[in-house]
Amino acid sequence: MAMTYQIAAIGDWESVMGFRALGLDTYPVADAAEAKEKIKELAKGNCAVIYLTEQLAKDMEDVISRYKDELRPAIILIPGRQGSLGIGKNNIQRAIERAVGADIL
Amino acid sequence: MANITVSPTRMELTRLKGKLRTAQRGHKLLKDKRDELMKQFLETVREVRALRAEVEEELMTVHGAFTVASALMSSEAMEQALLYPKQSVELTMTFQNIMSVNVPVYDFQTQTRSDSDIYPYGFAATSGELDTAVDALGKVFRKLLKLAEIEKSAQLMAEEIEKTRRRVNALEYVMIPNTQEAIRYINMKLDENDRATTIRLMKVKDMILKESLEEKREATAKAVKAFSGQGEGPAEV
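Residues numbered from 1 in each chain as written. Chains lettered and ligands numbered in written order. Predicted model: local features only at pLDDT ≥ 70, side-chain atom pairs only at ≥ 80, totals over all residues. Heavy atoms only, no water.

Colleague: Help me out: how do you make sense of the nonpolar core in this one?
Modeller: Across soluble globular proteins, you tend to see nonpolar side chains buried next to one another. Y51 of chain A together with F41 and F66 of chain B are the most contacted members of the largest nonpolar core, which has 60 residues in total. Per element, the largest residue contribution to this core is 16 residues, and it comes from helix α3 (residues 128-231) of chain B. Excluding its chain neighbours within four sequence positions, the residues that come into contact with Y51 of chain A are I7, A8, A9, I10, L24, I76 and I78 of chain A together with L144, L145 and A148 of chain B. (Core = buried A, V, L, I, M, F, W, Y, C linked by side-chain atoms within 4.5 Å. Buried < 20%, exposed > 50% of the residue type's maximum accessible area, 1.4 Å probe, protein only. Helix = DSSP H or I, 4+ residues; strand = E, 2+ residues; numbered from the N terminus. Contact = heavy atoms within 4.5 Å.)

Below you can see the structure in the form of structure tokens.
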């Protein structure tokens, strides 16, 4: 269990460069297709948490839902520099709907 | 209704009764699991929503700080400043078992000399705003990791709840009624067979009785005839 994993941040350069200073692995990508490739690659490697900007996430629903039920990696959406799109909040809502069968909150 | 193809035997009845008992027990257990999971899930979700709102707000502040910093510095200088991180973060992941759902618990170690010394650049060539931005991001990071942990937990729990709910419903609305129906069918069929056997036996008894009665009557008639032929023969003539 004492394996160590990496934390990655994927997004446009300006949004993720700050994470670099903290020691996270940052992968600046230009578009969603590139980000998809990167996520697949990271999922095979030892990456436990991927922070992904919402700007990219909105075009790659398929990859995100593919990893939703896997223990690793956890793909967490963060607002990019352009601001929040509310996708992260929507995802919570969707999880509730999935579990309860109706929107109760 | 659905599976009337069961063979109406006593053995099958015993088997089905056992199956029904197991199904009912399983149904109860799964229902309890679902309820408890739901409770935990809703708690987690509330936490996620609050934390996410907080993190998003703070991150926007951080982005703002970086924007200011990048306005004061050339992008090359900034890239250069952040190019080689002084700190490295390593994550260890352990698991926590919530009602048979494995959820991750993250724990991270930073490899740095001290907490205040996280700036990977010299102060001479960079603006102060960059320090502020990096500092703020460092503070958000803990929350960000906590968010990753509970959001993933929520997702995994949502999946498990969906699965459990389906199982509960399948047992409650399909499996248990079908088995009960089959048991009822077998019971009725067996009773019917019992009645049929009784009736048949009564009929057979009737027939045998009638036959023996007939035989007896015939024998009596013969004897009477023989007797009367012997004793009153002349009188008849």
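Colleague: How do you make sense of the pattern of salt bridges when you look at a structure like this?
Modeller: A full pass over the atoms with the stated rule returns 20 salt bridges over all chains. The closest approach of N and O atoms between R98 of chain A and E162 of chain B, which form a salt bridge, is 3.1 Å. You can see R98 of chain A sitting in helix α5 (residues 87-100) and its partner E162 of chain B sitting in helix α3, one on each of two chains. Taking relative accessible area as the criterion, E162 of chain B reaches 18% and is therefore assigned buried. Salt bridges sharing common partners tie together D69 and R98 of chain A together with E162 and R166 of chain B. (Salt bridge = Lys/Arg side-chain N within 4 Å of Asp/Glu carboxyl O.)

Colleague: Any chance you could explain the side chain of E151 of chain B here in plain terms?
Modeller: Residues and elements named next belong to chain B. Relative to the assigned elements, E151 resides in helix α3. With relative accessibility at 5%, the residue E151 sits in the buried group. A distance of 3.0 Å separates the side chain of E151 from the side chain of R52, its partner in a polar contact. (Polar contact = N/O pair within 3.5 Å; in protein donor to acceptor, adjacent residues only side chain to side chain.)

Colleague: Could you clarify how one ought to interpret a nonpolar patch on the surface in this entry?
Modeller: A cluster of nonpolar side chains, contributed by Y173, V174 and M175 of chain B, occupies part of the molecular surface with about 300 Å² of accessible area. Among the structural elements, V174 of chain B can be located in helix α3. (Patch = residues over 30% accessible without salt bridge, like charges linked within 9 Å, V, L, I, M, F, W, Y side chains within 5 Å. Areas by Shrake-Rupley, 256 points an atom, 1.4 Å probe, with all protein chains shown as cover.)

Colleague: Teacher, can you tell me more about the interface of chain B and chain A here?
Modeller: The figure often quoted for interface size is the accessible area lost as the parts come together. Of the residues lining the interface, 50 residues belong to chain B; the matching set on chain A comes to 47 residues. Linking chain B with chain A are one salt bridge, by the criterion used here. Taken together, the connections running from chain B to chain A amount to 14 residue pairs in polar contact (both at pLDDT 80 or more). Top contributing element to the side of chain B that touches chain A by residue count: α3 of chain B, with 17 residues. When grouped by side-chain class, the residues that make up the side of chain B that touches chain A number 30 nonpolar, nine polar and eleven charged. (Nonpolar A, V, L, I, M, F, W, Y, C, P; charged D, E, K, R; others polar.)

Colleague: What exactly am I supposed to notice about the pairing of strand β2 (residues 25-28) of chain A here?
Modeller: A regular strand carries its side chains on alternate faces of the sheet. Of the pairings in the sheet, the one linking strand β1 (residues 4-11) of chain A to β2 of chain A comprises four bridges and is parallel in character. Note that in β2 of chain A the partner of A8 of chain A across the bridge is D25 of chain A. (Pairing = 2+ DSSP bridges.)

Colleague: Quick question: what am I supposed to make of α5 of chain A here?
Modeller: Every α-helical turn comprises 3.6 residues, leaving residues that sit three or four positions apart pointing alike. Residues and elements named next belong to chain A. For α5, with 14 residues, the first-to-last C-alpha span of 20 Å sits near the 20 Å given by 1.5 Å per residue. Along α5, the residues classified as buried are I87, G88, N91, I92, Q93, A95, I96 and A99. The first or second residue beyond α5 is G101, which carries a positive phi of 95 degrees. (Expected span 1.5 Å × (residues − 1).)

Colleague: Looking at this structure, I do not really get a negative patch on the surface. What am I missing?
Modeller: On the surface, E211, E214, E215 and E218 of chain B cluster together into a negatively charged patch. Along the polypeptide, E211 of chain B turns up in helix α3. (Lys, Arg positive; Asp, Glu negative; His and termini not counted. Charge placed at Lys NZ, Arg CZ, Asp CG, Glu CD.)

Colleague: Is there a simple way to think about unusual backbone geometry in this case?
Modeller: Trans peptide bonds make up the majority, and among non-glycine residues the majority have a negative phi. A positive phi angle, close to 45 degrees, is found at M99 of chain B, a residue other than glycine. Tracing the chain through its elements places M99 of chain B in the loop between β1 (88-98) and β2 (101-111).

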